[in-house]
2 protein chains.
Amino acid sequence: MIVGTEWLVEAFDCEPEKLREVEILRRIFSCLVKDLSLKTIGAGIWHQFEGEGGVTGLVMLTESHLACHTYPEYKTATFNLYCCRERSTWNWEANLKQFLGAKSVSVQKIERGTSNSLHESKIQNLKSKIVGGNV
Amino acid sequence: MIVGTEWLVEAFDCEPEKLREVEILRRIFSCLVKDLSLKTIGAGIWHQFEGEGGVTGLVMLTESHLACHTYPEYKTATFNLYCCRERSTWNWEANLKQFLGAKSVSVQKIERGTSNSLHESKIQNLKSKIVGGNV
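Residues numbered from 1 in each chain as written. Chains lettered and ligands numbered in written order. Predicted model: local features only at pLDDT ≥ 70, side-chain atom pairs only at ≥ 80, totals over all residues.

J.: For the overall build of chain A, give the residues involved together with the corresponding values.
T.: Along its length, chain A carries three helices and six strands. Secondary structure elements of chain A, listed N to C terminal, follow the sequence β-α-β-β-β-β-α-β-α. Every one of the 135 residues in chain A was classed for burial, and the buried ones make up 42%. Contacts in chain A between residues at least 24 apart in sequence constitute 64% of all its contacts with a sequence separation of at least 6. (Helix = DSSP H or I, 4+ residues; strand = E, 2+ residues; numbered from the N terminus. Buried ≥ 20, exposed ≤ 12 C-beta atoms within 10 Å, placed from the backbone. Contact = placed C-beta atoms within 7 Å.)

Given below as structure tokens:
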């Protein structure tokens, strides 16, 4: 039984200073929540790691959750969007290019609640999207 | 550049009433955090959905994050453990059997921060573990 869909997203070659800005990451989340008509539960939790470190953000949704981790030292950000109700696909590529200056974006969609063997066959048929890619 | 490892875990044929108990889910997280020497940031957020609904839990870690969603109606629970530092593999099967009465458990390990093509080849070589499985 498929209980949800999870998008695993990686943004590469981002502008490092943007990956240290909690406010920019918050804006990405807000935009995503609005565009997909998601509903947040509570305020979410955000953490800015010390010094040159990145940001972690976790937001609970009535539809499941949203998470991000940024790694300025590698110019990389990763996102998880887990939805237990059907949602259209967000334009991760255009948005992460705009907000973080990402030069390439990878999007994986995984169905949750299925056994591993089902995962494997589905993952082999993934619709990959790489934009601008020099990765 | 691999920036983290994520375990996507599904527990099947669990005892539905256990999937409605925030306290049991909290204990699973505590046990995992202790066993893998993880460090939590703040208190985490928990939500018990109304009526016969399940539980969502999100906990921030200095090593990334931990999430769970339960679906008593499908006797299923899903977990994400994202670690940006190397950690040994937890015995999800034994623990989810013990805590939730799961009859089968599926564990997928995915490297984060790599492009989709790398994901695909790695996912095909996943070490799957199904225990007790009638799924």
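Continuing now.
J.: Please give an account of the sheet that holds strand β2 (residues 40-48) of chain B that cites residues and values.
T.: All names here are of chain B. In spatial order, the strands read β2-β3-β4-β5-β1-β6; together these six strands make up an open sheet with antiparallel pairing. Each edge of the open sheet is held by one strand with a lone partner, namely β2 and β6 (104-112). Neighbour-to-neighbour, the strand axes of this sheet turn through a mean angle of 10°, independent of strand direction. The strands touched by helix α1 (residues 22-35) are β2, β3 (55-61) and β4 (64-71); relative to β3, the strand with the most contacts, the crossing angle is about 25°. Set on the sheet, helix α2 (residues 92-100) makes contact with β1 (4-12), β5 (76-83) and β6; between it and β6 the angle comes to about 135°. (Pairing = 2+ DSSP bridges. Axes fitted to C-alpha atoms, helices over the stretch in contact; angles between N-to-C directions.)

J.: Got a sec to walk through the sheet that holds strand β5 (residues 76-83) of chain A? Specific residues and values, please.
T.: All names here are of chain A. One open sheet holds the six strands; their spatial order is β2-β3-β4-β5-β1-β6, and the pairing between them is antiparallel. On the outer flanks of this sheet lie β2 (40-48) and β6 (104-112), each paired with one strand and no other. The mean inter-strand angle of the sheet, taken between neighbouring strand axes irrespective of direction, is 10°. One ladder, built from eight bridges, connects strand β4 (residues 64-71) with β5; its direction is antiparallel.

J.: Any chance you could break down the pairing of strand β3 (residues 55-61) of chain A for me, citing the residues and the numbers?
T.: Residue and element names in this part refer to chain A. Counting buried positions along β3 gives seven out of seven residues, so the element sits mostly inside the fold. Of the two faces of β3, the one lined by Val55, Gly57, Val59 and Leu61 and the one lined by Thr56, Leu58 and Met60 are each fully buried. As paired strands, β2 and β3 are joined by six bridges and run antiparallel to one another. Across the sheet, residue glutamine 48 finds its bridge partner in β3, namely valine 55. Linking two consecutive strands that pair antiparallel, namely β2 and β3, is a turn of six residues; a positive phi of about 60° is found at glycine 51 within it. As judged from the six bridges shared by β3 and β4, these two strands associate in the antiparallel manner. Bridge pairing in β4 places threonine 56 opposite histidine 69. In this structure, the hairpin formed by β3 and β4 is closed by a connection of two residues.

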